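Observations on the model geometry
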Amino acid sequence: MVRKIYQPHLSTANDARAVRTREALRRALLDLLRSKPLEQITIRDIAVAAGVGYTTFFRHHPTKEALLDDVAAKQIRHLIELTLPDAEAGDTRAASVALSRYVHKHRALWKVLLTGGAAAILREQFLRQSRALTASRTSPRHWVPADVSARLVISGTIELLTWWLSRRRPVSVIRFAQLHDRLVVGPVVHGYRGV
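A brief structural summary.

About the cut-offs
- Residues numbered from 1 in each chain as written.
- Predicted model: local features only at pLDDT ≥ 70, side-chain atom pairs only at ≥ 80, totals over all residues.
- Heavy atoms only, no water.
- Helix = DSSP H or I, 4+ residues; strand = E, 2+ residues; numbered from the N terminus.
- Buried < 20%, exposed > 50% of the residue type's maximum accessible area, 1.4 Å probe, protein only.
- Contact = heavy atoms within 4.5 Å.
- Areas by Shrake-Rupley, 256 points an atom, 1.4 Å probe, with all protein chains shown as cover.
- Bend = angle between axes of the 7 residues up to and from the residue.
- Expected span 1.5 Å × (residues − 1).

1. Re the overall build of the chain
- Across its full length, the chain carries nine helices and zero strands.
- For the chain, the α and β elements follow one another from N to C terminus as α-α-α-α-α-α-α-α-α.
- Each of the 195 residues in the chain was classed as buried or not, and the buried ones make up 41%.
- Summarising the internal contacts of the chain: among those between residues at least 6 apart in sequence, 69% fall at separations of at least 24.
- For the chain, the accessible surface area stands at approximately 11,500 Å², while carbon and sulfur atoms represent 55% of it.

2. Some thoughts on helix α9 (residues 173-190)
- Most pronounced at Asp-181, the bend in α9 amounts to some 45°.
- For α9, the full list of buried residues reads Val-173, Phe-176, Ala-177, Leu-179, His-180, Asp-181, Val-184, Val-185, Gly-186 and Val-188.
- On its buried face, α9 is in contact with α5 (92-105) and α8 (146-166).

3. Brief notes about the environment of Ala-119
- For Ala-119, the position within the fold is in helix α7 (residues 119-137).
- Judged by its relative accessible area of 25%, Ala-119 is partly exposed.
- Separated by 47 residues in the primary sequence, Ala-119 and Ala-72 place their C-alpha atoms 9.3 Å from one another.

4. Notes on α5
- Its 14 residues give α5 an end-to-end C-alpha distance of 20 Å, which sits within 8% of 20 Å, the value for a rise of 1.5 Å per residue.
- When α5 is considered as a whole, its buried residues turn out to be Thr-92, Ala-95, Ser-96, Val-97, Ala-98, Leu-99, Ser-100, Tyr-102 and Val-103.
- If you follow the buried residues of α5, they end up packed against α4 (64-88), α6 (107-115), α8 and α9.

Here is the structure:
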């Protein structure tokens, strides 16, 4: 059964309340993901942890997966905005440093997203946003088709981030950036130079 969501016109005061509620729902989900996987979390758990009514949840999101998708979309959008200028300028090392600094600064959040059952949603959101960007920025000189390069970079980035965030003694931000640039981004953007 598809649940219809009724959203009345909200005044400015209610808009602020709606923003606070959405943020409380995001925080509640992330807190819950620290202790159990997404499959074991109910909407009622999220609502209770957020301090809102059960039906209030549905005014903002139709499912818990939609809430998680919203969290992932926000993170990916910010990460792309942060790294895209360097990547477009051809400075893959600077883009990798920006990525690693941002993820390190928000380490707890990214660890929950990648190791708490949200990696697939994060990957899909990354692909969705990247497809939209590559559609308008495809370079005919690039040797790898844009959709292939996006998939390779995203998959490699997610795998490398998961490895980094799951280590008891993680490598430094700069070392991670070097690994990301040399293993993931550089070969796709600049091509294999060994032949």
